[in-house]
Amino acid sequence: MIINVKNCGAMGVVDDLSNHELPIEAWTDARNVRFLDGYAHQAGGHSQAYGTPSVVPYHVLPVIISGARYWIYASLAKIYAVTITAGAAVHTNLTRQTAGNDVDYAATANSWTSTVLGGIPILNPGNTADPPQQWDLNTANNFAALSNWPASTYCKSLRAYKNFLVALNVTKTTTNYPYMVKWSHPADPGAVPSSWDPTDATKDAGEFDLADGYDQIVDGAALRDSLMIYKENSVWRLDFTGGAYVHRASKVMGTSGAMNRNCIAEIDGYHIVLTTNDIVIHDGVQARSVLDKMTRRWLFNNMDSDNQGRAFVFKNPYFNEVFICYPSVGSTIPDAAIVYNYNDKTVSKRTLPSIHHASFGQVDNSLAGTWASDPDPWSSDLTLWNGGENVPNISRVLMASNDTKLFMLDASSSFDGVQNDWYLERRGLSFGAPEKIKLVKGIRPRISGNTGDNITVKIGSQDDPFEAPTYTSMTHTIGETVRNNCLVAGRYIAVRFEDGTAYNSRIDSYDLEIEELGNW
């Protein structure tokens, strides 16, 4: 009997349900595999870009200056910008100064937030010592305190909404107002707001508390024509109304908020949000879980609870992905991610190079992965001679690594020069007859990649679907092997693909040849 398993990437990983109850196309575990268009690919790698940063980057933000592509990166104490000039990375110190000397910031991990208003980048250290910082896009000038910002005032997050700036979770002098929403007077084009004074009747600045409930404000992000404000256990929508009250707030959700700052990604009129117990997607009215009955419980069981405050989210738009980055158990820095493909509705898992933050934007054209900068081995590289990568330079992801590196995602097939350590596993296959013993005689996988490279194919058996399989290993050579022969018997069958010499491979489908031997 031949069992056909088509569209290997159609369902992704399902960890939370019993493996023997899953559809045959579902996978029970995976690492560093991308599910895309119904196929299972080795995940794209990452390589260093823009040389070596001058400080350990904790936050990144892309900006355009007179057509030149810059990336701002902030450490806990300083702010720099980098661009490519005459083929070389130029790092410029933009830390605020007094009398020509840097005045360091007192940021902490995941405390920075950033926004752009009228083309002006504004970074907020998110503490009770440093006010928000603005930059005039002149590399001869440094960041400075936001103009017209009220003295001795600080906020946890600062976000642009229309031509307003909105401060969230505000501290005035030494008194914290954790439910406060404070907005500026509207800014003129290309300028920052002229006032934050709610008592000035000639201005539209104002403030109020979202006092309903005990949960404090965490962050905010624009969605369509509204600003969504995320508290710890609820979500509110801020809408511009004009008139005497300027803005109106209404409650959207009362059971989910945001886990931390920078835990929100916008996709096609929706927000995907990492909450304290789920990943939800909503349109400002209705919400649903994207991980429930897939990997929701697995994620929170494998996230280090002492360091979950460092988890964050970013979007990889070219591949329709959102990365939910978290520190695995025993780690202090995010070193793993759940990757959700919001078009295919699949989930995969990925290891990360200890990153603090990531963002997507435009990178310099010279970073397109030409021959000189390509780290992949000649024998396994599928890119064209001296050609660019497949990802357009206007939608690249830059990751801020604790190793004092800026990594560009999907810029290489390797992980910073090291081969991708990947696997794809399905346990508990009974083929509708758990009472029967099956003998697997062979597997015929359809795998594309570089001819001559190989991957390891394993067939395992289980008498109990919850026990670890006993595997038989085979080597599949891409472009040469048609069938991998084996003799593996058991009531439940497991299939596993994992790394060999291949840097680029894609599993489309596979067939299993089995014979039923008998009942219990």
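It should be noted that the structure appears before, not after, this text.
A brief look at the structure comes next. Please read these numbers as outputs of a predicted model, since none were measured by experiment.

## A few points about the overall build of the chain
Item 1. Counting its secondary structure elements, the chain contains 1 helix and 41 strands.
Item 2. Relative to the globule expectation of 24 Å for 520 residues, the C-alpha radius of gyration of the chain, 26 Å, shows essentially globular dimensions.
Item 3. Projected onto its principal axes, the C-alpha coordinates of the chain cover approximately 85 × 55 × 35 Å.
Item 4. In the chain, which comprises 520 residues, the proportion classed as buried is 56%.
Item 5. Of the contacts made within the chain by residues no fewer than 6 positions apart, 61% connect residues no fewer than 24 positions apart.

## Considerations on the layout of surface pockets
Item 1. In this structure, the largest pocket encloses a volume near 790 Å³.
Item 2. Around the largest pocket, the lining is made up of 27 residues, and of these Ser-114, Arg-159, Ile-264, Ser-359 and Phe-360 lie nearest the centre.
Item 3. In terms of residues, the lining of the largest pocket owes the most to one element, strand S32 (residues 355-361), which gives 5 residues.
Item 4. For the lining of the largest pocket, the class distribution of residues is 14 nonpolar, 9 polar and 4 charged.

## Re the environment of Thr-28
Item 1. For Thr-28, the location among the structural elements is in the loop between strand S1 (2-5) and strand S2 (29-31).
Item 2. You can call Thr-28 buried: its relative accessible area is 9%.
Item 3. In the structure, Thr-28 is positioned 480 residues away from Asp-508 in sequence and 17 Å away in space, judged by C-alpha atoms.
Item 4. Polar side-chain contacts of Thr-28 include one of 3.1 Å to the backbone nitrogen of Arg-427.

## Comments concerning the nonpolar core
Item 1. Membership of the largest hydrophobic core comes to 30 residues, with the highest contact counts inside it found for Leu-424, Ile-443, Ile-459, Phe-497, Tyr-510 and Leu-512.
Item 2. Those elements giving two or more residues to this core turn out to be S1, strand S3 (33-36), strand S35 (423-429), strand S36 (437-449), strand S37 (454-462), strand S39 (484-490), strand S40 (492-498) and strand S41 (505-518).
Item 3. Per element, the largest residue contribution to this core is 4 residues, and it comes from S41.
Item 4. Those residues within four positions of Ile-443 in sequence are excluded, and the remaining contacts are Val-457, Ile-459, Met-474, Val-482, Arg-483, Asn-484, Val-495, Phe-497, Tyr-510, Asp-511 and Leu-512.

## Let's talk about the pattern of salt bridges
Item 1. The full count for this structure, using the stated rule, is 29 salt bridges.
Item 2. A salt bridge links Lys-293 to Asp-292; the nearest nitrogen and oxygen atoms lie 3.5 Å apart.
Item 3. For Arg-491, the salt bridge goes to Asp-463, with nearest N and O atoms at 3.8 Å. Remark: Asp-463 occurs in the loop between S37 and strand S38 (470-477) and Arg-491 occurs in the loop between S39 and S40; sequence separation between them is 28 residues.
Item 4. Judged by its relative accessible area of 13%, Arg-491 is buried.
Item 5. Through salt bridges with shared partners, a single ionic network connects Glu-425, Arg-427, Lys-458, Arg-496 and Glu-498.

## Topic: the packing of aromatic side chains
Item 1. The tally for this structure, following the rule as stated, stands at 12 aromatic pairs.
Item 2. Between Trp-27 and Tyr-510, the aromatic rings sit 6.3 Å apart at their centres with planes inclined by 45°, giving tilted as the arrangement. One end of the pair, Trp-27, is in the loop between S1 and S2; the other, Tyr-510, is in strand S41, and 483 residues separate them in sequence. In this structure, Trp-27 and Tyr-510 share a single accessibility class: buried.

## Some details on the environment of Asp-29
Item 1. Along the polypeptide, Asp-29 turns up in strand S2.
Item 2. Accessibility expressed as a relative area gives 18% for Asp-29, which makes it buried.
Item 3. On a C-alpha basis, the gap between Asp-29 and Arg-426 in space is 6.7 Å, while along the polypeptide they are 397 residues apart.
Item 4. If we ignore the near neighbours within four places in the chain, the residues touching Asp-29 are Val-13, Asp-15, Lys-349, Tyr-423, Leu-424 and Glu-425.
Item 5. At 2.9 Å, the side chain of Asp-29 and the side chain of Lys-349 are in polar contact.

## What about the sheet that holds strand S14 (residues 133-134)?
Item 1. The 4 strands are arranged S12-S13-S14-S15 in an open sheet whose pairing can be described as antiparallel. With one partner strand each, in any of the chains shown, strand S12 (113-117) and strand S15 (144-145) form the two edges of the open sheet.
Item 2. Where strand S13 (residues 120-124) meets S14, 2 bridges bridge the pair, whose relative direction is antiparallel. Note that in S14 the partner of Ile-122 across the bridge is Gln-134.

## Regarding the side chain of Ser-359
Item 1. Note on placement: Ser-359 falls in strand S32.
Item 2. Apart from the residues lying within four places of it in its own chain, the contact partners of Ser-359 are Val-60, Pro-62, Trp-71, Arg-396, Val-397 and Leu-398.

## Some points on empty space enclosed by the protein
Item 1. Across all of its chains, the model carries 2 cavities of 30 Å³ or more by this definition.
Item 2. Counted as a void, the largest cavity has a volume near 60 Å³.
Item 3. Along its surface, the largest cavity is lined by Asn-32, Val-33, Arg-34, Ala-43, Glu-321, Phe-323, Val-339, Ser-348, Lys-349 and Arg-350.
Item 4. Residue assignment for the lining of the largest cavity shows that the elements contributing at least two residues are S3, strand S29 (321-326) and strand S31 (346-351).
Item 5. It is S31 that contributes the most residues to the lining of the largest cavity, 3 residues altogether.

Parameters at a glance
- Residues numbered from 1 in each chain as written.
- Predicted model: local features only at pLDDT ≥ 70, side-chain atom pairs only at ≥ 80, totals over all residues.
- Heavy atoms only, no water.
- Helix = DSSP H or I, 4+ residues; strand = E, 2+ residues; numbered from the N terminus.
- Rg over C-alpha atoms; globule rule 2.2 N^0.38 Å.
- Buried < 20%, exposed > 50% of the residue type's maximum accessible area, 1.4 Å probe, protein only.
- Contact = heavy atoms within 4.5 Å.
- 1 Å grid on protein atoms, 1.4 Å probe; cavity = no way out; pocket = protein on both sides within 12 Å on 5 of 7 lines; lining within 4 Å.
- Points joined across faces, edges and corners; volume = space filled by probe spheres on them.
- Nonpolar A, V, L, I, M, F, W, Y, C, P; charged D, E, K, R; others polar.
- Polar contact = N/O pair within 3.5 Å; in protein donor to acceptor, adjacent residues only side chain to side chain.
- Core = buried A, V, L, I, M, F, W, Y, C linked by side-chain atoms within 4.5 Å.
- Salt bridge = Lys/Arg side-chain N within 4 Å of Asp/Glu carboxyl O.
- Phe/Tyr/Trp six-rings, centres within 6.5 Å; stacked < 30°, edge-to-face > 60°.
- Pairing = 2+ DSSP bridges.

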